[in-house]
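# Coordinate inspection notes
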Amino acid sequence: MITFSQEFTNRCQKADQKAQKELFEKLYASMYRVCLRYVGRQLEAEDCVMRGFMKAFQKFSTFEWQHENSLFGWIRRIMVNEALMEIRRSNPMLIVQSEDLPEEATDENVLDQLSAEELFKLITELPAGYRTVFNLFVVEGFSHQEIAQTLNISESTSKTQLLKARIRLQMKVQKMNEVYGNYAG
Amino acid sequence: MQDKLIREKLNSLDTLPEGYVPSLDSKWELLMAGQPEKKKRIPEFWYAIAASLVLLLTFGYLLLPKPAKQNTNTIAHQTIQTKQPVPAIKELIQPEAKIAVAKPVILTKRLQKATKNARVKPEKTQSENVSEEIITAGKNPAPAIEQTILMAGLESELLAKEAVKTVKKRKAKFVEMDFESPVEPKAPIQNNQTAQVQFRFKLLPETSEQNPSAIQTEKPFRLQHTF
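A short tour of the structure in this document, coming up. Everything numeric in this text was worked out from a predicted model, so none of it was measured.

A few words now on the overall build of chain B. Broken down by element type, chain B carries 9 helices and 7 strands. By residue count, 28% of the 227 residues in chain B fall in the buried class. Across chain B, every contact between residues at least 6 apart in sequence was considered, and the portion connecting residues at least 24 apart equals 79%.

Here it is in structure tokens:
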């Protein structure tokens, strides 16, 4: 997490272009990752980042500095909202209705073995519904009730989507391990 | 526990993915281009000052006594204000005024036709209706000598302008006339009008490059009107 001082934040709020450009350059990569993890495609992620920064600079006067991480968290929330809006635009049927998956996860610790980059790649490859619920629940820390309100779905649907997302990820990891095992063997 | 590990791993990613190298400068310029221009907020008291000024000027205009207008109108304007009946064009010209009139000959592009038409005998007619002759100059005889038509009032002026316009519209741009024995007017035109607008018709020698010798012998004239 990138931290920013209050003095720097004040400069950004006073529309100091130099400070705003520095903020943009420092946060672009992190925010691009956030957006890409939600929308799954590069072009849409770029659009989300740009719209998010535009909104952040326009609404900078509403931001109140509390601690060094607050600016990062504020911009990140803006990016998540932009990504969710993009998902709603591009995926009106967000929820994956039927899929033949085992009802319970086989090995829950299998995801821990993955590196951050591998895990990121696997999440972006998930279907939109699974990916969104997984990101909101696991990464953002939303409850199922909040997810249901945000995505306009029921809580049970949110739980089902999360479970299926976990199973899908574990299956993928197992498949990867088999491939690597074959190569190693 | 597992979710916390996943969250930490994903949040630790603060670099761009491999193979993706965007130009941040160009993206920044794009971002700045998309930003709306900040509107300069005009303080409210400036609006109040502007409104009070407008009100002050309006009341000042309405309440201040207006100075008496000086009558600087001309005679012609006075006649209009008094609403005197404007005489018709026919009445403006005295019937006693006899004007020598020559039969006009219309010159065409071809010179042969022009020379034929130049040998038209003069026709002495008493012009009781000069204005009508002006209006229908293409068909009827036109006045042969300088004639001053006196008219009063603005309406008669406009009517005369209309008459001149209709004359212009006709194709008879040049009128050739014979003035071997023009008849002088017996009685002078009485000038008893208050406001006067004069129309003068001049007959000028025509300069033609096609056959100057024929023109010299026949002495054609070109009608020019000024007002």
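For the rest of this paragraph, the subject is the packing of helix α2 (residues 17–39) of chain A against helix α4 (residues 70–90) of chain A. All names here are of chain A. Contact geometry for α2 and α4: axes closest at 9 Å, N-to-C directions at 40 degrees. Considering only the axes of α2 and α4, their crossing is right-handed. Contact with α2, carried on its side by Leu 23, Leu 27, Ser 30, Met 31, Val 34, Cys 35, Arg 37, Tyr 38 and Val 39, involves Leu 71, Phe 72, Ile 75, Arg 76, Met 79, Val 80, Ala 83, Leu 84, Glu 86 and Ile 87 of α4 and no other residues of that element. Of the residues in the contact of α2 with α4, the class split is 15 nonpolar, 1 polar and 3 charged.

Moving on: the interface of chain B and chain A. Tallying the contact residues gives 27 residues for chain B and 39 residues for chain A. Our enumeration of links across chain B and chain A arrives at 3 salt bridges. Secondary structure elements with two or more residues in the side of chain B that touches chain A: α1 (2–11) and α2 (24–34) of chain B.

This part is about the packing of helix α6 (residues 128–139) of chain A against α1(B). Interaxial distance between α6(A) and α1(B) falls to 9 Å at its minimum, and their mutual angle equals 100 degrees. Our classification of the angle between α6(A) and α1(B) gives roughly perpendicular. Counting all contacts with α6(A), which are made through A:Phe134, A:Phe137, A:Val138 and A:Val139, the residues of α1(B) involved are B:Asp3, B:Ile6, B:Arg7, B:Leu10 and B:Asn11. In the contact of α6(A) with α1(B), the residues fall into 6 nonpolar, 1 polar and 2 charged.

Moving on to the side chain of A:Arg131. All names here are of chain A. For Arg 131, the location among the structural elements is in helix α6. No salt bridge is formed by the buried Arg 131; its nearest oppositely charged neighbour, Glu 44, is found at 8.8 Å. Not counting the four nearest positions on each side in its chain, Arg 131 is found in contact with Arg 37, Tyr 38, Val 39, Gly 40, Ile 123, Thr 124 and Leu 126.

Let's shift gears to the packing of aromatic side chains. Applying the stated criterion across every chain, the model contains 13 aromatic pairs over all chains. Judged by centre distance (4.3 Å) and plane angle (15 degrees), the ring pair of A:Tyr32 and B:Tyr20 falls under stacked. Of the two residues, A:Tyr32 is situated in helix α2 and B:Tyr20 in the loop between α1 and α2; the pairing between them involves two chains. Judged by relative accessible area, which is 1%, A:Tyr32 ranks as buried. Relative to B:Trp46, the ring of B:Phe45 lies with its centre 5.3 Å away and its plane at 35 degrees, an arrangement referred to as tilted. By relative accessible area, B:Trp46 is classed as partly exposed at 48%. Among the aromatic residues, those joined into a ring-pair cluster are A:Phe24, A:Tyr28, A:Tyr32, A:Phe53, A:Phe57, A:Phe60, A:Phe63, A:Trp74, B:Tyr20 and B:Trp28. Against the face of A:Phe8 rests A:Lys26, its NZ or CZ located 5.7 Å from the ring centre. For A:Arg33, the ring lying beneath its charged end belongs to A:Phe120, and the centroid distance is 4.7 Å.

Rules of the game
Residues numbered from 1 in each chain as written. Chains lettered and ligands numbered in written order. Predicted model: local features only at pLDDT ≥ 70, side-chain atom pairs only at ≥ 80, totals over all residues. Heavy atoms only, no water. Helix = DSSP H or I, 4+ residues; strand = E, 2+ residues; numbered from the N terminus. Buried < 20%, exposed > 50% of the residue type's maximum accessible area, 1.4 Å probe, protein only. Contact = heavy atoms within 4.5 Å. Axes fitted to C-alpha atoms, helices over the stretch in contact; angles between N-to-C directions. Left-handed = near helix turned anticlockwise from the far one by under 90°. Nonpolar A, V, L, I, M, F, W, Y, C, P; charged D, E, K, R; others polar. Salt bridge = Lys/Arg side-chain N within 4 Å of Asp/Glu carboxyl O. Parallel < 35°, antiparallel > 145°, perpendicular 65-115°, else oblique. Lys, Arg positive; Asp, Glu negative; His and termini not counted. Phe/Tyr/Trp six-rings, centres within 6.5 Å; stacked < 30°, edge-to-face > 60°. Lys NZ or Arg CZ within 6 Å of the ring centre and 35° of its normal.

None of the figures reported here should be taken as evidence of function without further support.
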